[in-house]
Amino acid sequence: MGDLPIVRFEEKIVETVKENPVVVVIGETGSGKSTQLPQILYRRGYAKSGIIAVTQPRRVAAVSVSRRVAQEQNVRIGEEVGYAIRFEDRTSEKTRIKYLTDGVLLRESLFNPELNQYSVIILDEAHERSLNTDILLGLMKRLIKWRHSNLKVLITSATLDGGKVSRFFSDCPVLTVPGELFPVEIVHISELPKSYVEASLKKAIDIHVREPEGDILIFLTGQVRVFSPPPPNCRRFIVSTNIAETSLTVDGVVYVIDSGYVKQRQYNPSTGMYSLEVVQISKVQAKQRAGRAGRTRPGKCYRLYPSTVYHDDFLDATIPEIQRSSLAGTVLYLKSLDLADMDILKFDFLDSPSVESLEDALKQLYLVDAIDENGSITSLGRKMAELPLEPSLSRTLLEANELDCLSQALTVVSMLSAETTLLPAPSKSSEKKRRHTLSNLPDGFGLGDHIQLLQIYEQWYQTDYNIDWCKENNLQVRGMVFVRDVRKQLSQIMQKITKGSLDVQTSNRRRGGKQEYKSLRKALCIGYANQLAERMIRHNGYRPLGFKSELVQVHPSSVLKSDEDGMLPNYVVYHELIVTSRPFMRNVCAVEMRWVVPILAKLDKLNVFKLSGGSSQPDNQIQEVTSTVEKKEITAVQPPEDRASMIQAARERFLARKGQK
DNA sequence: GAGCACTGC
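The rules behind the values
- Residues numbered from 1 in each chain as written.
- Chains lettered and ligands numbered in written order.
- Predicted model: local features only at pLDDT ≥ 70, side-chain atom pairs only at ≥ 80, totals over all residues.
- Heavy atoms only, no water.
- Axes fitted to C-alpha atoms, helices over the stretch in contact; angles between N-to-C directions.
- Helix = DSSP H or I, 4+ residues; strand = E, 2+ residues; numbered from the N terminus.
- Parallel < 35°, antiparallel > 145°, perpendicular 65-115°, else oblique.
- Left-handed = near helix turned anticlockwise from the far one by under 90°.
- Contact = heavy atoms within 4.5 Å.
- Phe/Tyr/Trp six-rings, centres within 6.5 Å; stacked < 30°, edge-to-face > 60°.
- Buried < 20%, exposed > 50% of the residue type's maximum accessible area, 1.4 Å probe, protein only.
- Lys NZ or Arg CZ within 6 Å of the ring centre and 35° of its normal.
- Expected span 1.5 Å × (residues − 1).
- Salt bridge = Lys/Arg side-chain N within 4 Å of Asp/Glu carboxyl O.
- Core = buried A, V, L, I, M, F, W, Y, C linked by side-chain atoms within 4.5 Å.
- Pairing = 2+ DSSP bridges.
- 1 Å grid on protein atoms, 1.4 Å probe; cavity = no way out; pocket = protein on both sides within 12 Å on 5 of 7 lines; lining within 4 Å.
- Points joined across faces, edges and corners; volume = space filled by probe spheres on them.
- Nonpolar A, V, L, I, M, F, W, Y, C, P; charged D, E, K, R; others polar.
- Near = heavy atom within 4 Å.
- Polar contact = N/O pair within 3.5 Å; in protein donor to acceptor, adjacent residues only side chain to side chain.

Participant: Before we move on, could you go through the packing of helix α1 (residues 10-19) against helix α2 (residues 33-43) and cite the residues and values that matter?
Facilitator: The relative placement of two packed helices comes down to the angle between their axes together with the axis-to-axis distance. Running from N to C, α1 and α2 point in directions that differ by 70 degrees, and their axes come no closer than 11 Å. The angle between α1 and α2 places the two elements in the roughly perpendicular class. Classified by chirality, the crossing of α2 by α1 is right-handed. Contacts between α1 and α2 involve E10, I13, V14 and V17 from the first element and L37, I40, L41 and R43 from the second.

Participant: Describe in detail the packing of aromatic side chains, supporting the description with residues and values.
Facilitator: Summed over all chains, the structure comprises 11 aromatic pairs. Summarising the aromatic geometry, the rings of Y457 and W460 are spaced 5.8 Å apart at their centres and angled 75 degrees between planes, so their arrangement reads as edge-to-face. Here Y457 pairs with W460, and both are found in helix α17 (residues 449-462), just three residues apart, close to one helical turn. With a centroid separation of 5.7 Å and an interplanar angle of 75 degrees, the aromatic rings of Y461 and Y465 are classed as edge-to-face. Accessibility expressed as a relative area gives 18% for Y465, which makes it buried. Among the aromatic side chains, those forming a connected cluster through ring pairs are Y457, W460, Y461 and Y465. One residue, K141, lies across the ring of F168, its end atom 4.3 Å from the ring centre.

Participant: For helix α19 (residues 477-498), give the residues involved together with the corresponding values.
Facilitator: With 22 residues, α19 extends 32 Å between its outermost C-alpha atoms, agreeing within 8% with the 32 Å of an ideal straight helix rising 1.5 Å per residue. Taken together, the buried positions of α19 are G479, M480, V483, V486, R487, L490, S491, I493, M494 and I497. Buried-residue contacts for α19 involve α13 (379-385), α14 (391-402), α15 (406-417), α17 and α18 (467-472). K499, located one to two residues past α19, shows a positive phi value of around 50 degrees.

Participant: Requested: an account of the pattern of salt bridges, with residues and values cited.
Facilitator: Scanning the model with the defined rule gives 27 salt bridges in all. A salt bridge links D206 to R210; the nearest nitrogen and oxygen atoms lie 2.5 Å apart. Of the two residues, D206 and R210 are both situated in helix α7 (residues 196-210); the distance of four residues between them amounts to about one turn of the helix. D206 gets classed as partly exposed once you look at its relative accessible area, which sits at 26%.

Participant: Can you lay out the nonpolar core for me, pointing to particular residues and giving the numbers?
Facilitator: With 114 residues, the main nonpolar core has I121, I155 and F169 as its most contacted residues. I121 has contacts with A53, L105, L115, M140, L143, L151, K152, V153 and L154, leaving out every residue within four places of it along the chain. Membership of the second largest hydrophobic core comes to 30 residues, among which are I52, A62, V69 and I122.

Participant: Account for the pairing of strand β12 (residues 253-258), with residues named and values stated.
Facilitator: The side chains of a regular strand alternate, first on one face of the sheet and then on the other. Burial runs high along β12: six of the six residues are buried. The sheet contact formed by β12 and strand β15 (residues 299-303) spans four bridges and is parallel. The residue of β15 that forms the bridge with I257 is Y302.

Participant: Before we move on, can you summarise the sheet that holds strand β5 (residues 97-101) with the specific residues and values?
Facilitator: What the eight strands build is an open sheet, ordered β4-β3-β5-β2-β6-β7-β1-β8; its pairing is mixed. Of all the strands in the sheet, just β4 (88-90) and β8 (174-177) have a single pairing partner and so form its edges. Neighbour-to-neighbour, the strand axes of the sheet open up by a mean angle of 20 degrees, direction not taken into account. Both strand β1 (residues 22-27) and strand β7 (residues 152-157) contribute to a ladder of five bridges, which runs parallel. The residue bridging I26 from the neighbouring strand is S157, located in β7. Here α2 sits on the sheet and contacts β1, β2 (51-56), β5, β6 (118-123) and β7; the angle it forms with β5, its principal contact strand, is near 145 degrees. Lying on the sheet, helix α4 (residues 102-111) is in contact with β2, β3 (81-85), β5 and β6; it crosses β5 at an angle near 100 degrees.

Participant: Please provide a residue-by-residue account of empty space enclosed by the protein, values included.
Facilitator: To find the voids left in a structure, one rolls a probe of water-molecule size over its atoms. This structure, assessed with the given rule, holds two cavities of 30 Å³ or more. Put simply, the largest cavity is a space of about 90 Å³. What lines the largest cavity is simply S109, P113, L115, L136, L139, M140, R142, L143, W146, L337 and L339. A per-element tally of the lining of the largest cavity places helix α5 (residues 131-146) first, with six residues. Class assignment of the residues belonging to the lining of the largest cavity gives a composition of nine nonpolar, one polar and one charged.

Participant: Can you explain the pairing of strand β20 (residues 583-591)? Please cite residues and give values.
Facilitator: Counted residue by residue, β20 has eight buried out of nine residues, so it is predominantly covered. Summarising the sheet, strand β18 (residues 553-554) and β20 pair through two bridges and their orientation is parallel. Within β20, the position partnered with Q553 by the bridge is F584. As paired strands, strand β19 (residues 571-579) and β20 are joined by eight bridges and run antiparallel to one another. Along β20, the bridge assignment pairs V572 with A590.

Participant: Hey, could you go over the sheet that holds strand β11 (residues 237-240) for me, with residue numbers and the actual values?
Facilitator: Strand pairs in the sheet, formed through backbone hydrogen bonds, run parallel or antiparallel to each other. A sheet is described by the order of its strands in space; here five strands give the open sequence β9-β15-β12-β10-β11, paired in parallel fashion. The open sheet has two edge strands with one neighbour each: β9 (184-188) and β11. Adjacent strand axes in the sheet meet at a mean angle of 20 degrees when their direction is disregarded. The strands that helix α9 (residues 283-291) touches are β9, β10 (215-219), β12 and β15; relative to β15, the one it contacts most, it runs at about 140 degrees.

Participant: Account for the protein's contact with DNA strand B, with residues named and values stated.
Facilitator: Around DNA strand B, 25 residues are found, and the nearest of them are R59, R86, R265, T580 and R586. Backbone polar atom of R59 to a phosphate oxygen of DNA strand B: 2.4 Å apart, as the coordinates give it. With respect to DNA strand B, the side chain of K263 contributes an N or O atom lying 3.1 Å from a phosphate oxygen. When residues in the surface near DNA strand B are grouped by element, the largest group, three residues, is from α4. Looking at the surface near DNA strand B residue by residue, the class counts come to eight nonpolar, seven polar and 10 charged.

Here is the structure:
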């Protein structure tokens, strides 16, 4: 390994790091930056006063890279070289080089904001711009001011715009290390095809007929089954999503077909809805895809778009995750750090999320009681930030603890954390089977999907976590085991937060009936105060409250039942709004009017201007921001005419009851 | 009555 390109730059790297607190290292695939950079600094004594931390966006990468480095150092994993990922800490007092996911480093920073145990922090794969890496970039900028004398920060990436990061860190130096890829010939087609799926199929057959041996990797937006039956000889056709850009390395690939598209999840802060859209990839992504052809020998990349489209239409870089996600959790995290002069609208991000998105986050946090009407974090909010969950789910756990149904809530929340991986990938053959077996699973008494998830886990518990039971019921074993791990971790954190011995045991009793779930549903209602929907008067469509008014439906996969008149509950809370063919609420739970009334009152007095620190002295940049806020109509709920009086009456009853107490 | 890429604490 001594001849990796990066080693030839050792002197230059060491010299630059010595003179500067922050250094950007651009290294193409095959440069050895992830494995060699920490070893170089280790050799030069940088681990004497602290640990060298290397972050990775993915767990597998943290584990595999650390294993390779341990091997090169000739030590066992967990000794001088170790890793830390969720559920698994393979480090010891001897550890000097520590690989960890960026999520783990963020969590460590919550309890030790100065990260004193580290002398060097290397943020690897920064070009991927994961939400966590972006937060860390902002935190590092603050941290080097406090720890100027004893902390070195290195930002490394494959194709990141080095100049931009350098400017972000007060014009820090940028080192470029060449990679060891084989040349890849790029071929563009002359005009955009009508169908990129069809075009990629044609191109694949074309390569198969004309070109010498070598596997073909095809980047599409989903696993479309268009390549069956397989060709008669042994050439492999690998159809892949963007997973092969980063997570997956396929050996033997010589040809890449790049459709130029990717399916991307986007959050709309004004409607609270997620959507999955097929969008054009960025130049960075196109380069990444082409690079996959040159890992073992010279290769070819066929791009199913003209070069003019690449140059003129493609974005330089993918829109960072931070600009495509709901930021409630992120904002709560930053608020809980108690950074001096912390104003969330002024936090220094490499690419700032929109003001609208930040205000949406503040609004949500206010509704779940994590911040007060002035935008300051509450003691409840502090506890919520300690839980590795979305704010609505942390709020549910804390409320459940008050209502003596923590054990049930822990199960529901854990099941939701792995929900997508529970059911097996749909295929024609298993579809019937799944439907059949699902009918054998509990139905949540018609109260909704959260209750069903609880019942499923409790049944599994009663079989003593029997793997065969999962298989019989077509539940993914890995998913269920993951749920069990999450539940254990959350139980421990809850014990710590409440400083008490809690009853977190999964219930073993035979369940009585609907009444059994009342407290749990109330806790869910309070936790999901930001995800509450009201049914329309005469039909089963719903309107999410607190967002721009849009009509949504309960997802057809839901087990929520209607009453004798065919009507669904007046109010439900939902886990997620997702736009596919239409806007749907996924995972809903029926809630009662009397729990909803205080939330409606809160929605009424919502004042985003105050939440975003409207009283503070704005600087020029912020001036512009606040003026748009002032003009904007506050998105409080306007109940439909004839229901307004009903809500008012219920609210008065509620307040009267409260007064009596 | 739908049908959804990928991560992570």
